[in-house]
Amino acid sequence: MAYPTTTQHYKLYPFTSIMASPYSCDPTGVLDCAAAIESLKANQSNSGTIHIPKGTFSIATNLTIPTGMMLRFEAGGKFVVAAGVTLAINSPLEAGLYQIFSCTGTGKVVFGTGAVKEVYPEWWTTNTTPGTTDMTTAFNASVVSIRPEIVAASRAGGVIRCTNRYLITGTI
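Quick caveat, the model's predicted, so the values are computed rather than measured.

So, how was this worked out
- Residues numbered from 1 in each chain as written.
- Predicted model: local features only at pLDDT ≥ 70, side-chain atom pairs only at ≥ 80, totals over all residues.
- Heavy atoms only, no water.
- Helix = DSSP H or I, 4+ residues; strand = E, 2+ residues; numbered from the N terminus.
- Contact = heavy atoms within 4.5 Å.
- Areas by Shrake-Rupley, 256 points an atom, 1.4 Å probe, with all protein chains shown as cover.
- Buried < 20%, exposed > 50% of the residue type's maximum accessible area, 1.4 Å probe, protein only.
- Arc of directions from axis to C-beta.
- Pairing = 2+ DSSP bridges.
- Axes fitted to C-alpha atoms, helices over the stretch in contact; angles between N-to-C directions.
- 1 Å grid on protein atoms, 1.4 Å probe; cavity = no way out; pocket = protein on both sides within 12 Å on 5 of 7 lines; lining within 4 Å.
- Points joined across faces, edges and corners; volume = space filled by probe spheres on them.
- Nonpolar A, V, L, I, M, F, W, Y, C, P; charged D, E, K, R; others polar.
- Phe/Tyr/Trp six-rings, centres within 6.5 Å; stacked < 30°, edge-to-face > 60°.

Visitor: Whenever I open this one, the overall build of the protein confuses me. Can you help?
Guide: Summing up its helical and strand segments, the protein has four helices and 11 strands in all. The long-range fraction of contacts in the protein, counting pairs at least 24 apart against all pairs at least 6 apart in sequence, stands at 45%. Surface summary for the protein: the accessible area is close to 8400 Å², and the carbon and sulfur share equals 54%.

So this is what it looks like as structure tokens:
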């Protein structure tokens, strides 16, 4: 499917897809999309909505989403954050109860103060069979994403919204 250019996209939609030309992020997760998203941010003057369509999008270099922008994830759209990389989100985020992040090793997602009211473990792992699927890693990623400096000191802070039954097999 060919995505419209940025100019064409504005005429049709109230957001810009990371798949729109000239950004054309790779939906297979092979190529790093951080530079394309940086370009999109610059072209939008760090404001507006960034649409993440269905696909796996690699974030292999540190990336910050500023307060003036919003991320909107379509079901099936996911950022894969590489080891040692931080995706800092200082903006609102719109997504359902489905996986939108996958972090490798020390890769992490961090929300700025006030960026989101709550986070969901389902954003990191699909709770395939509630009460049976191990959600320990997803809960730990959720905790780290809220306020990493508080988590490191006391394991307290932010709101993790629990919407189902969860199996936890390790330490949170």
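Having seen it, we continue.
Visitor: Quick question: what am I supposed to make of helix H2 (residues 34-43) here?
Guide: The α-helix winds at 3.6 residues per turn, so residues separated by three or four positions along the chain end up facing the same way. Listed as buried for H2 are Ala-34, Ala-36, Ile-37, Leu-40 and Lys-41. The buried side chains of H2 occupy one side of the element, clustering within an arc of 160 degrees when seen end-on. Along H2, exposed side chains directed more than 90 degrees from the buried face belong to Ala-35 and Ala-42. Taken from the residues just after H2, Ser-45 is the one with a positive phi, measuring 55 degrees.

Visitor: Got a minute to help me understand the sheet that holds strand E9 (residues 93-94) in this structure?
Guide: Strands in a sheet are paired, the pairing made by backbone hydrogen bonds, and the direction either parallel or antiparallel. A sheet is described by the order of its strands in space; here four strands give the open sequence E1-E3-E6-E9, paired in parallel fashion. Here the strands that pair on one side only, and so sit at the sheet edges, are strand E1 (16-17) and E9. Where strand E6 (residues 69-73) lies against E9, two bridges are found, and the strand directions are parallel. Counterpart to Leu-71 in the pairing with E9 is Leu-93. Strands in contact with H2 are E1, strand E3 (48-52) and E6; relative to E3, the strand with the most contacts, it is inclined by about 155 degrees.

Visitor: Looking at this structure, I do not really get the sheet that holds strand E8 (residues 86-89). What am I missing?
Guide: Judged by pairing direction, the sheet is parallel, and its three strands sit side by side in the order E5-E8-E11 without closing on themselves. Taken across any chain shown, the strands that pair with only one partner, and hence form the sheet edges, are strand E5 (63-65) and strand E11 (108-111). Neighbour-to-neighbour, the strand axes of the sheet open up by a mean angle of 15 degrees, direction not taken into account.

Visitor: Teacher, can you tell me more about unusual backbone geometry here?
Guide: Apart from glycine, the bulk of residues carry a negative phi angle, and the bulk of peptide bonds sit in the trans form. Following Ser-21, the chain continues into Pro-22 via a peptide bond in cis, with omega recorded as 10 degrees. Inspection of the secondary structure assignment puts Pro-22 in the loop between E1 and strand E2 (28-32). Positive phi values are uncommon outside glycine, yet Ser-24 reaches one of about 45 degrees. Position of Ser-24 among the secondary structure elements: in the loop between E1 and E2. We classify Ser-24 as partly exposed; its relative accessible area is 46%. Residues other than glycine seldom take positive phi values, yet Ser-45 does so here, at roughly 55 degrees.

Visitor: Can you help me understand the layout of surface pockets in this one?
Guide: One simple way to see leftover space: roll a probe sized like a water molecule over the atoms. The computed volume of the largest pocket comes to approximately 190 Å³. If you trace the largest pocket, you find it lined by Ser-102, Cys-103, Gly-107, Lys-108, Val-109, Trp-124, Thr-125, Thr-137, Ala-138, Asn-140, Ala-141 and Val-144. Here the element with the most residues in the lining of the largest pocket is helix H3 (residues 136-146); it accounts for five residues. Here the lining of the largest pocket is composed, by residue class, of six nonpolar, five polar and one charged.

Visitor: Explain the packing of aromatic side chains to me, please; I cannot follow it from the model alone.
Guide: Ring pairs (aromatic) are described by centroid distance and by the angle formed between their planes. Counted by the stated rule, this structure contains eight aromatic pairs. Between Trp-123 and Trp-124, the ring centres sit 6.5 Å apart and the planes meet at 45 degrees, which makes this aromatic pair tilted. Under the relative-accessibility criterion, Trp-123 is labelled buried at 3%. In this structure Trp-124 comes out as buried when scored by relative accessible area, which is 6%. Here Phe-139 and Tyr-166 contribute two aromatic rings whose centre-to-centre distance is 5.0 Å and whose plane-to-plane angle is 85 degrees, an arrangement assigned as edge-to-face.

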